[in-house]
Amino acid sequence: MVTVVSVSLPDHLVRKVDRAVEEYGFKSRSDLIKTALQAFLEDEDNKASGSYRLIVVLSDHKSSPYVDKNIVGLIHSYSEELIALYHQILQGPYCITIAVVGGKDDWRTIVKKLRSLNGVLSVQSLPV
């Protein structure tokens, strides 16, 4: 069953919607608005359910020269779950990598794989 819902939009927003329909290949304005609304509601559900995780990794790039590249590469391999990524060189041989990921349980796999990397000193995971 499909219910028709009328939405009033200002002209400038309608022009942006029309450009996005064309640019991203949506079938119609309704298709774009439905997709955007679903994404918004899923995002809100994820926030409400605490399914976002903050993952903090401390690494020693002197003991394992490629550890930082491996950490960032591993996290990037979960790009669908990745919300944000930050990497910073600290004093001495240490680096910190902070990632925010979504998804129900994929963060557990990411944490497990991070902990197995040579040069990783600590991995912490917190709900956001």
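Now for a quick tour of the structure. (Residues numbered from 1 in each chain as written. Predicted model: local features only at pLDDT ≥ 70, side-chain atom pairs only at ≥ 80, totals over all residues. Heavy atoms only, no water.)

This next bit is on helix α3 (residues 67-76). Residues that lie three or four places apart on an α-helix share one face, since the helix turns once every 3.6 residues. Residues V67, D68, I71, L74 and I75 constitute the buried set of α3. The buried residues of α3 occupy one face: seen down the axis, they fall within an arc of 135 degrees. Those residues of α3 that are buried are in contact with β1 (53-60), β2 (82-89), β3 (94-101), α4 (106-115) and β4 (120-127). (Buried < 20%, exposed > 50% of the residue type's maximum accessible area, 1.4 Å probe, protein only. Helix = DSSP H or I, 4+ residues; strand = E, 2+ residues; numbered from the N terminus. Arc of directions from axis to C-beta. Contact = heavy atoms within 4.5 Å.)

Among the nonpolar cores identified, the biggest contains 17 residues, and I55, I71, I110 and L114 are the most heavily contacted of them. Of all the secondary structure elements, the ones that give two or more residues to this core are β1, α3, β3, α4 and β4. Setting aside its immediate chain neighbours within four residues, I110 contacts I55, L74, I75, Y78 and V101. (Core = buried A, V, L, I, M, F, W, Y, C linked by side-chain atoms within 4.5 Å.)

Glancing now at the environment of L121. Relative to the assigned elements, L121 resides in strand β4. Note on L121: relative accessible area 48%, which makes it partly exposed. Considered as a pair, L121 and V57 are 64 residues apart in the sequence and their alpha carbons are 7.6 Å apart. Not counting residues within four places of it along the chain, the set of residues in contact with L121 comprises L58, S59, D60 and Y94.

Let us look at the packing of aromatic side chains. This structure, assessed with the given rule, holds zero aromatic pairs. A cation sits over an aromatic face here: R53 above W107, 3.8 Å from the ring centre. (Phe/Tyr/Trp six-rings, centres within 6.5 Å; stacked < 30°, edge-to-face > 60°. Lys NZ or Arg CZ within 6 Å of the ring centre and 35° of its normal.)

All right, on to the pattern of salt bridges then. For the coordinates displayed, the defined rule picks out one salt bridge. The salt bridge involving R29 is made with D18; its shortest N-O contact spans 2.6 Å. Taken together, the residues R29 in helix α2 (residues 29-49) and D18 in helix α1 (residues 11-24) connect sequence positions 11 residues apart. (Salt bridge = Lys/Arg side-chain N within 4 Å of Asp/Glu carboxyl O.)

Function cannot be read off these values alone, since they describe shape.
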